[in-house]
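Secondary and tertiary structure notes
Given next are the chains, with one letter for each unit.
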Amino acid sequence: MRIIEADAYLVDIAVETVRTDAVQSFVKQETVFVDLVTEDGNRGTGYAYTIGTGGGSVLAMLRAHLLPRLIGADSRQIEHLWHDLFASTRSTTVGAITSLALAAVDTALWDLRCLRAGEPLWLVAGGFRREVPLYDTEGGWLHLSTEELVRGALAARAAGWPGVKLKVGKPRVEQDVERLRAVRDAVGSELEVMVDANQSLTAAEARRRAAAFEPLGLAWFEEPLPADDVSGHAVLARSTSIPIAVGESLYSVGQFRDYLHREAASIVQVDVARVGGITPWLKVAHLAEAFNVHVCPHFLMELHVSLVAAIPNGRYVEHIPQLRAVTRGQLRVEDGRAIAPDEPGLGISWDRDAVDDRRVA
Ligand code: MG
């Protein structure tokens, strides 16, 4: 099924709320779309994103180098196309800009695959189960007061949600502990509490904070160290009983292999945009299964709900709604579980007028 049209464009979506962590804030969602039209008239739409910078570079990579190679290609040969595009950009892979560009193409190809099959993504990608547990991050940002964190966690528990994530990385360890202790005391032992340092700590400080967090019964300690410090994560993982979670800042299957092989991560947070699309995402997920490791992907709940539903080792989807301004309908949540969309394709119903209104390139 030949591709006859390939377009890319950049859309700025305002953040739905203020989101801060130990190293950055979410400025706007630069969303890079790819539309691929095949000779049978189907249109597949894929996308990737940044949280504020680099979107124009991804767009330039697509327009100048990747999209021209797709015209006339068979859209069904996703593995071939992914590897052809990867090989055509050897001098800039592995890298964030190229992986994001590949993801925008790859997700469009999967949209086409699902549309052709008349099936939803969660079934085409594996079909393990339709409902997946959801945890909330929106109530846990670093700028929020202790009272606000407690209020958010209590609301999540009242809604039947299984977990909440809190940002850590305040200047002093006591400040982090005070905030976490207040939440744990308020919600009791029923709710899972995850923490995320966003790569902000030194090895010594991460070890100290992990020890201080031990009595709080945390579900995981996310990105304690810079993402390229695999050996640092391996040492930390051996020094604490808290599971170490990484993956949102990794951009290839091989980087995940290194983390898993060295027992440096016990939860994998592979992000479908940053890793280069659904094709490599599934490889990471299956690799993690072979290591008996859960997958709890980063952000992009609108896509990840279907991918976590597809695999046997999916544990959680992260609740950060960010596409409501440009989609019709929203993620279905019942009793703290997200339900994978059942319509053919990726299951994201784009509001094309709202997308066009926010187009910047
Ligand atoms: Mg994180």
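Computed from a prediction, not measured in an experiment: that's the story for all the values here.

1. Some remarks on the overall build of the chain
For the chain, the count of helices and strands is 12 helices and 13 strands. For 361 residues, the compact-globule formula gives about 21 Å, and the C-alpha radius of gyration of the chain, at 20 Å, lands near that figure. Overall, the C-alpha framework of the chain stretches about 60 × 40 × 35 Å when taken along its three principal axes. When burial is assessed residue by residue, the chain has 57% of its 361 residues classed as buried. Of the contacts formed within the chain by residues at least 6 apart in sequence, a portion of 73% connects residues at least 24 apart. With the model as given, the accessible surface of the chain reaches about 13900 Å², and the carbon-plus-sulfur share is 49%. Each charge class in the chain can be summarised by its mean position, and for the 37 positive and 48 negative side chains these summaries are 2 Å apart.

2. Focus: the environment of Ser 349
Checked against the element boundaries, Ser 349 lands in the loop between strand E13 (337-339) and helix H12 (352-357). Expressed as a C-alpha distance, the spacing of Ser 349 and Gln 330, which sit 19 residues apart in the sequence, is 8.7 Å. What Ser 349 contacts, discounting residues up to four positions off in sequence, is Val 326, Thr 327 and Arg 328.

3. Some thoughts on the side chain of His 319
Of note, His 319 is situated in strand E11 (residues 317-319). At a separation of 2.8 Å, a polar atom in the side chain of His 319 contacts the side chain of Asp 136. Those residues in contact with His 319 that lie beyond four places of it in its chain are Leu 134, Tyr 135, Asp 136, Thr 137, Glu 138, Trp 161 and Met 301.

4. A short note on the pattern of salt bridges
Counted by the stated rule, this structure contains 24 salt bridges. Salt bridges here are not isolated pairs; linked through shared partners, they connect Lys 165, Lys 167, Asp 196, Glu 222 and Glu 318.

5. Quick notes on the domain arrangement of the chain
On domain assignment, one finds that the chain holds domain 1 (3-118 + 351-357) and domain 2 (123-339). With centres defined by C-alpha atoms, the gap from domain 1 to domain 2 works out at 24 Å. At the interface, 37 residues of domain 1 touch 41 residues of domain 2. With both chains or domains summed, domain 1 and domain 2 bury close to 3100 Å², and 62% of this area falls on carbon and sulfur atoms. Our count for the contact surface shared by domain 1 and domain 2 stands at 4 salt bridges. Residues Asp 351 and Arg 328 are paired through a salt bridge, measuring 3.4 Å at the closest nitrogen-oxygen approach. Linking domain 1 with domain 2 are 20 residue pairs in polar contact (both at pLDDT 80 or more), by the criterion used here. Among the elements of the structure, strand E1 (3-14), strand E3 (43-50), helix H2 (78-88), helix H3 (96-117) and H12 are those that each provide at least two residues to the side of domain 1 that touches domain 2. Here the side of domain 1 that touches domain 2 is composed, by residue class, of 22 nonpolar, 7 polar and 8 charged.

6. Digging into the packing of H2 against helix H10 (residues 278-290)
Taken N-terminus to C-terminus, the directions of H2 and H10 make an angle of 100 degrees; their axes are 10 Å apart at the nearest point. As the angle between them shows, H2 and H10 are arranged roughly perpendicular. Residues Ile 78, Glu 79, Trp 82 and His 83 of H2 touch H10, and the partners they reach there are Thr 279, Pro 280 and Lys 283. Within the contact of H2 with H10, the residues separate by chemical class into 3 nonpolar, 2 polar and 2 charged.

Conventions used here
- Residues numbered from 1 in each chain as written.
- Predicted model: local features only at pLDDT ≥ 70, side-chain atom pairs only at ≥ 80, totals over all residues.
- Heavy atoms only, no water.
- Helix = DSSP H or I, 4+ residues; strand = E, 2+ residues; numbered from the N terminus.
- Rg over C-alpha atoms; globule rule 2.2 N^0.38 Å.
- Buried < 20%, exposed > 50% of the residue type's maximum accessible area, 1.4 Å probe, protein only.
- Contact = heavy atoms within 4.5 Å.
- Areas by Shrake-Rupley, 256 points an atom, 1.4 Å probe, with all protein chains shown as cover.
- Lys, Arg positive; Asp, Glu negative; His and termini not counted.
- Charge placed at Lys NZ, Arg CZ, Asp CG, Glu CD.
- Polar contact = N/O pair within 3.5 Å; in protein donor to acceptor, adjacent residues only side chain to side chain.
- Salt bridge = Lys/Arg side-chain N within 4 Å of Asp/Glu carboxyl O.
- Domains from an automatic or database assignment.
- Buried area = accessible area lost by both parts, 1.4 Å probe.
- Nonpolar A, V, L, I, M, F, W, Y, C, P; charged D, E, K, R; others polar.
- Axes fitted to C-alpha atoms, helices over the stretch in contact; angles between N-to-C directions.
- Parallel < 35°, antiparallel > 145°, perpendicular 65-115°, else oblique.

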